[in-house]
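# Residue-level structural notes
Each chain is listed here by its residues.
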Amino acid sequence: MKKPLELFRRLFVNEKKKTARTSCKKQKPQSLFLRHARKVIEEKKGEVSQSTIANYAVALNSFSRFLNDKDVATADINCNTMQRYERWMEDNGICRNTSSCYMRSIRTLYNCVTKKWHIANKHPFENVFTGNAATAKRDITINDIKRIENLILDDDSKLKLTQDIFMFCFYAMGMPFVDAVHLKQAQVQDSHIIYYRQKTRQCITVKIEPCIRRIINRYESKSRKFLFPILPENDEGQNRKLYCKALATYNRNLDELAKAAGIDKHLTSYVARHTWASIACKNDVDMNVISRALGHTSIKTTQIYIGQTCDNAVAKACQKVIRIINKKTK
């Protein structure tokens, strides 16, 4: 007959093993959301822009803080979870548009995780805000544009490069700053600029008008890969820290440029883009044409810009805005 102590030991060991198996079964690490969302982000590198990858990472870090850095089973994420997360962001002073941006990023990651790991999609984002709230207008007037363009600055002044990039972005159909600083001299041809937007990978063709050519001539150099001397020659859009530093410097310089031009408005890298779209719209350029010119994948995005690929229509839209500016000057 086995001793009571030995029987107890065996029962204890068996129970411990059983508990361990049950615990492992309950955890189901293959279903944890944060873990697999991070894998999705890694897999998407190279498929989407660096800025989109950064948006995913920032949103996921925010959601992780909401969860007190504890992972959660994907199957346990529901409408209540996301509504609580939305209230948490509001309580922490996160504005409505930023909250919406985080929600859209997490929704994309959630959909990828549920699809890849065959987890039931509970559509937890149905009762939270994922749209775009109305914001203060970012465009400026034609007279403001002319004040900036007519500023006489020394060629070696830090504001001269800022002035030229701002006017270049405006005249090049609202080219985003990120695309301007990554614009290669090889993409500047005899009569057109052809580039792919960093954000959407849409192909954009800009007809080189005289006002654009004057700026190009000032910076063309056979010894440099990029048109504008902002980023290191070996940068291919991978070093986000360098780009963010350049953007911050540009925005600071824009504020100084506005003061020098006597403009009592806050200028940012978005202003040239929004202003081009606004002027085009006010002068009866078709919404679809404006959308193509800006490289938007949806006309809804274009409508937000104005507050309410090469073809002749886009080229004419660019020419029309330039003629309006030149006519105003005369």
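Residues numbered from 1 in each chain as written. Predicted model: local features only at pLDDT ≥ 70, side-chain atom pairs only at ≥ 80, totals over all residues. Heavy atoms only, no water.

## What to know about the nonpolar core
To keep it simple, the criterion reads: Nonpolar cores are built from buried Ala, Val, Leu, Ile, Met, Phe, Trp, Tyr and Cys residues. Side-chain atoms within 4.5 Å join them into one set. Burial here depends on accessible area, computed with a 1.4 Å probe over protein chains only, as a share of the maximum for the residue type. Under 20% is buried, over 50% is exposed, and the range in between is partly exposed. Per the convention used, a helix needs a DSSP run of H or I reaching at least four residues, while a strand needs a run of E reaching at least two, with both numbered from the N terminus. Contacts between residues were defined by any pair of non-hydrogen atoms, one from each residue, lying within 4.5 Å.
Membership of the largest hydrophobic core comes to 63 residues, with the highest contact counts inside it found for Ile 148, Phe 166, Phe 168, Phe 170, Ile 193, Ile 212 and Trp 276. At nine residues, helix α7 (residues 158-171) tops the list of elements feeding residues into this core. Those residues in contact with Phe 168, other than ones at most four positions away along the chain, are Met 175, Leu 183, Ile 193, Ile 212, Ile 215, Ile 216, Leu 227 and Phe 228. Membership of the second largest hydrophobic core comes to 26 residues, among which are Phe 33, Leu 60, Ile 106 and Leu 109.

## Section: the packing of α7 against helix α9 (residues 210-219)
The condition is simple: Note on method: axes are straight lines fitted to C-alpha atoms, helices fitted across the in-contact stretch only, with angles between N-to-C directions ranging 0 to 180 degrees. Any angle that is under 35 degrees is reported as roughly parallel, and any over 145 degrees as roughly antiparallel; angles of 65 to 115 degrees are reported as roughly perpendicular and all others as oblique. Crossings are classed by handedness, with left-handed meaning an anticlockwise turn of the near helix from the far one by less than a right angle and right-handed meaning a clockwise turn.
It is the contact of α7 with α9, at a shortest axis distance of 10 Å, that shows an interaxial angle of 140°. One way to sum up the angle between α7 and α9 is to call them oblique. The way α7 lies across α9 gives a crossing that is left-handed. From α7, Lys 160, Leu 161, Asp 164, Met 167, Phe 168 and Tyr 171 reach across to α9, where they touch Cys 211, Ile 212, Ile 215, Ile 216, Arg 218 and Tyr 219.

## Focus: the packing of aromatic side chains
We apply this condition: Stacked, tilted and edge-to-face are the three classes applied to pairs of Phe, Tyr and Trp rings, where Trp contributes its six-membered ring and a pair requires centres within 6.5 Å; stacked means planes under 30 degrees apart, edge-to-face means over 60, and tilted covers the rest.
A complete count under the given rule lists 13 aromatic pairs for this structure. Here the aromatic rings of Phe 33 and Tyr 110 are separated by 6.4 Å at their centres, their planes lie at 50°, and the arrangement is tilted. In this pair, Phe 33 is assigned in helix α2 (residues 33-44) and Tyr 110 in helix α5 (residues 96-116), connecting sequence segments 77 residues apart. Relative accessible area serves as the criterion here: at 0%, Phe 33 is assigned to the buried category. Looking at Tyr 110, the relative accessible area reads 1%, which means it is buried. Between Tyr 85 and Trp 88, the aromatic rings sit 6.0 Å apart at their centres with planes inclined by 25°, giving stacked as the arrangement. Within this pair, Tyr 85 and its partner Trp 88 are both found in helix α4 (residues 79-91), separated by three residues, close to a single helical turn. We classify Tyr 85 as buried; its relative accessible area is 0%. A connected cluster of aromatic rings, assembled from ring pairs, spans Phe 33, Phe 63, Phe 66, Tyr 85, Trp 88, Tyr 110 and Phe 125.

## Comments concerning the pattern of salt bridges
To keep things clear, this is the line we draw: Between Lys or Arg on one side and Asp or Glu on the other, a salt bridge is scored when a side-chain nitrogen of the former is within 4 Å of a carboxyl oxygen of the latter.
Summed over all chains, the structure comprises ten salt bridges. Lys 158 is the salt-bridge partner of Glu 256, the closest N and O atoms lying 3.2 Å from each other. You can see Glu 256 sitting in helix α10 (residues 240-260) and its partner Lys 158 sitting in helix α7, a full 98 residues away along the chain. Taking relative accessible area as the criterion, Glu 256 reaches 36% and is therefore assigned partly exposed. With a shortest N-O distance of 4.0 Å, Glu 209 and Lys 207 are connected by a salt bridge. Judged by its relative accessible area of 12%, Glu 209 is buried. Its relative accessible area of 29% is what places Lys 207 among the partly exposed residues.

## Re unusual backbone geometry
Even without glycine at this site, Asn 68 takes up a positive phi of about 60°. Checked against the element boundaries, Asn 68 lands in the loop between α3 (50-66) and α4. Even without being a glycine, Asp 284 presents a positive backbone phi close to 65°. Taking relative accessible area as the criterion, Asp 284 reaches 70% and is therefore assigned exposed.

## So, the side chain of Thr 162
So the rule is basically this: For this analysis, a polar contact is any N or O atom pair within 3.5 Å, provided that within protein one partner can donate a hydrogen and the other can accept it, and provided that sequence-adjacent residues contribute only side-chain to side-chain pairs.
Take Thr 162: it is sitting in helix α7. Within the structure, the side chain of Thr 162 is placed 3.3 Å from the backbone oxygen of Lys 158, a separation counted as a polar contact. In this structure Thr 162 touches Tyr 250, Asn 253, Leu 254 and Leu 257, once residues within four positions along its chain are discounted.

## A few points about the confidence of the model for the protein chain
Interpretation of the predicted coordinates at a detailed level should be avoided for regions scoring low in pLDDT. Basically, it comes down to this: The pLDDT value expresses, per residue, how confident the predictor is, ranging between 0 and 100.
Mean pLDDT for the protein chain: 85, with 83% of residues reaching 70 or above. Segment residues 19-27 is flagged for pLDDT under 50; beyond a separation of four residues in sequence, or across chains, it makes two contacts in the model.

## Observations concerning the pairing of strand β1 (residues 192-196)
What counts is decided by this rule: Strands are treated as partners if at least two bridges between them are detected by DSSP.
Only one face of β1 is covered, namely the one carrying Ile 193 and Tyr 195; the face carrying His 192, Ile 194 and Tyr 196 has none of its residues buried. Alignment of β1 against strand β2 (residues 203-207), held across five bridges, turns out to be antiparallel. Paired with Tyr 195 across the bridge in β2 is Ile 204. Hairpin connection between β1 and β2: a loop of six residues separates the two successive antiparallel strands, and Arg 201 in this loop has a positive phi of roughly 65°.

## Thoughts on the side chain of Gln 185
Mapped onto the secondary structure, Gln 185 falls in the loop between α8 (177-181) and β1. Residue class for Gln 185 comes out buried when judged on its relative accessible area of 17%. One polar contact links the side chain of Gln 185 to the main-chain carbonyl oxygen of Arg 224, over a distance of 3.1 Å. When sequence neighbours within four positions are dropped, the list of residues in contact with Gln 185 reads Tyr 219, Glu 220, Ser 221, Arg 224, Lys 225, Phe 226 and Leu 227.

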